[in-house]
Amino acid sequence: MLASLLERLGIRPRSIASAASAPIVETRETGPMPTGPVPGSKLTDAFVREVGRFAYLWGWPLVNIYNRYWTQDWVKTKTFLVGGVAPIAPINRLGMLTGYNQPGQRYITCPSQDLIYGFGVLDLSRDAVVLQLPDLGERFFVFQATDQRTDAFSEIGAMYGTKQGFYLLAGPEWSGTVPPGIAATFRSPTNLGCIIPRIFQADDPADNQAVQPLLRQIMAYPLAEFDGTMKEKDWSDLPVLPWKALSNEEWRWVNPETFFESLPKALEACPPLPGEEALYALMRSVLDAARGDRTLRAALAEAATEADATLVAPLLEFRNFGVPLPHNWTTVVNSAEFGTDYYTRTAVAKSNTFINRPRETRYFYQDLDQDGARLNGAKRYTVTFKPVPPVKGFWSITLYDQFHFFAPNAIDRYSLGTRSKGLRFESDGSLIVYVQKDQPDADKRSNWLPAPDGDCSLYIRAYWPLPPIQQGQWTPPPVIPA
């Protein structure tokens, strides 16, 4: 994608079939490669618009995290529960839920009803951060730490054999001393990022009560406060902060109208990956030129609006990205390890952000039935698992509305899987999931996923997947319309 862009802009020459046999002539003294356009150069609207469209797609995840950071930076001392559904904490600290995600949550797409979540925003330029982990025994957990690109940089979870203790998250320039008592240190390539603990809870009030003492010992705080003792926080006593949702979609962390105001700040906070130096220079030169030219600013604004509608908005649909699988399912094999896969990185950030690494969790996406028709709550479907996903952790199948959130239903059920009580298996060992709006017959209700109005999507999570999933020997069954 980047090579094609540079070719179209005339920055990189198109490849020539006979180039392999052509002599190589050195025409420049050894030294840094010049970047461009040269400051003060005259640029056309079309050029600026072309760069702007690519910059919008490429920089969408970076601006998303940057905007979450500065939006949350006003929280200085207390942790709040925004709208009663989402924790928001001071920078370099953590907020935890005490139960499952609820339907009103509109801050992170594709919430899970399998786990109890926490969330925090990092700025590791201020200080390294201590992540405190209690003894979770046999309970599944994974504590994700991501950089500004949404790539993971920590390895803390049941699949890593992580034990109770203290873990240090450090930024790229941190040069402090790791104090005694820290079990491991993980260094982020960027100062900005996020932390997202996930802890399994069975669909059982008794298990919810059993996990509460453990949740109170899950904390994050600046290294300056570390004294080697386990601290506690009662997450059930958070003040509720009113918050007005603007629509049924995710809160608009990236706005095309202000994107090119935020992008320079996001670039400053996020050093280029190896090989991206020329790309950064190109974007900065265009931003600098537009800053002093009203016509070029207008071209960038138009590019952002167009790119949002034609490039980014379609990525909310799972069918538009990922690796195709049988029966119209797709998956992502480089989740939280995107590197320079700019397309998938933005697609995931738009549609189901903050997903785990593939060895931690594998995700399977579905927008279509086996005939290729769009899933819709006006129809009835069955999904027959034989066998269920092979995992060492657990698995689930979740139903989302067209915006990738829970749609309230009469039985408050949004997923089925390992955590579910009373699932009914057939005599041959298969499991039939019924996806429909109306209540099925009594013998099928334990396996019923209530469908919302309008288009919807199915989403399978395989936590700590076993080799058949990792190697592609197990893929999801078809979604069959009634």
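Residues numbered from 1 in each chain as written. Predicted model: local features only at pLDDT ≥ 70, side-chain atom pairs only at ≥ 80, totals over all residues. Heavy atoms only, no water.

**Let's talk about the overall build of the chain**
(1) Moving on: Secondary structure summary: the chain contains eight helices and 21 strands in total.
(2) Moving on: Since a compact globule built from 482 residues should have a radius of gyration of about 23 Å, the 24 Å found for the chain is in line with a globular shape.
(3) Moving on: The principal-axis extents of the C-alpha atoms in the chain amount to approximately 75 × 60 × 50 Å.
(4) Moving on: Looking at the chain as a whole, 55% of its 482 residues are labelled buried. (Helix = DSSP H or I, 4+ residues; strand = E, 2+ residues; numbered from the N terminus. Rg over C-alpha atoms; globule rule 2.2 N^0.38 Å. Buried < 20%, exposed > 50% of the residue type's maximum accessible area, 1.4 Å probe, protein only.)

**Considerations on the sheet that holds strand 17 (residues 415-417)**
(1) Moving on: In spatial order, the strands read 12-13-14-20-16-17; together these six strands make up an open sheet with antiparallel pairing. Bordering the open sheet on either side are strand 12 (323-324) and strand 17, each of which pairs with just one other strand.
(2) Moving on: When strand 16 (residues 391-401) meets strand 17, the two strands line up antiparallel, connected through three bridges. Its bridge partner lying in strand 17, Thr-398 is registered against Ser-415. (Pairing = 2+ DSSP bridges.)

**Here we look at the environment of Trp-58**
(1) Moving on: The residue Trp-58 is located in helix 2 (residues 45-72) in this model.
(2) Moving on: As for Trp-58 and Arg-319, which are separated by 261 residues in sequence, their C-alpha atoms are 20 Å apart.
(3) Moving on: Trp-58 has contacts with Leu-267, Glu-276, Leu-279, Tyr-280, Met-283, Tyr-342, Arg-345 and Thr-346, leaving out every residue within four places of it along the chain. (Contact = heavy atoms within 4.5 Å.)

**Some details on the sheet that holds strand 5 (residues 129-133)**
(1) Moving on: Strand order in the open sheet formed by four strands is 8-7-5-10, and the pairing between neighbours is mixed. Bordering the open sheet on either side are strand 8 (182-187) and strand 10 (219-222), each of which pairs with just one other strand. Adjacent strand axes in the sheet meet at a mean angle of 25° when their direction is disregarded.
(2) Moving on: Taken together, the five bridges between strand 5 and strand 7 (residues 165-170) define a ladder with antiparallel strand orientation. (Axes fitted to C-alpha atoms, helices over the stretch in contact; angles between N-to-C directions.)

**Notes on unusual backbone geometry**
(1) Moving on: Each neighbour pair has its own omega, and for Lys-386 with Pro-387 the value is 5°, a cis peptide bond.
(2) Moving on: With respect to the helices and strands, Pro-387 occurs in the loop between strand 15 (381-385) and strand 16.
(3) Moving on: Within the chain, His-327 stands out as a residue other than glycine whose phi angle is a positive 65°.
(4) Moving on: Mapping His-327 onto the fold places it in the loop between strand 12 and strand 13 (330-331).
(5) Moving on: With phi around 60°, Phe-354 is a residue other than glycine that occupies positive phi space.
(6) Moving on: Here Phe-354 falls in the buried class, since its relative accessible area comes to 4%.

**Some details on the confidence of the model for the chain**
(1) Moving on: Summing up the model confidence of the chain, the mean pLDDT is 93 and the portion of residues at 70 or higher is 93%.
(2) Moving on: For the stretch residues 9-25, pLDDT sits under 50, and the model shows 13 contacts to residues farther than four places along the chain or on other chains. (pLDDT = per-residue confidence, 0-100.)

**What about helix 2?**
(1) Moving on: For helix 2, built from 28 residues, the straight-helix expectation of 40 Å at 1.5 Å per residue is missed by more than 12%, its first-to-last C-alpha distance being only 36 Å.
(2) Moving on: The element helix 2 is largely enclosed, with a buried count of 22 among its 28 residues. (Expected span 1.5 Å × (residues − 1).)

**So, the packing of helix 2 against helix 6 (residues 294-312)**
(1) Moving on: Helix 6 packs onto helix 2 with a crossing angle of 45° between their chain directions and a minimal axis gap of 8 Å. The orientation of helix 2 relative to helix 6 falls into the category oblique. As helix 2 runs across helix 6, the sense of the crossing is right-handed. (Parallel < 35°, antiparallel > 145°, perpendicular 65-115°, else oblique. Left-handed = near helix turned anticlockwise from the far one by under 90°.)

**Brief notes about the packing of aromatic side chains**
(1) Moving on: Scanning the entire structure with this criterion turns up 25 aromatic pairs.
(2) Moving on: Relative to Phe-354, the ring of Phe-119 has its centre 5.7 Å away and its plane inclined at 55°; by these criteria the two rings are tilted. Here Phe-119, found in strand 4 (residues 115-123), pairs with Phe-354, found in the loop between helix 7 (342-351) and strand 14 (361-366); they are 235 residues apart in sequence, far enough to count as distant.
(3) Moving on: Since its relative accessible area comes to 9%, Phe-119 is described here as buried.
(4) Moving on: Between Tyr-365 and Tyr-459, the aromatic rings sit 5.3 Å apart at their centres with planes inclined by 55°, giving tilted as the arrangement. Here Tyr-459 lies in strand 20 (residues 456-465) and Tyr-365 lies in strand 14, a separation of 94 residues in the sequence. (Phe/Tyr/Trp six-rings, centres within 6.5 Å; stacked < 30°, edge-to-face > 60°.)

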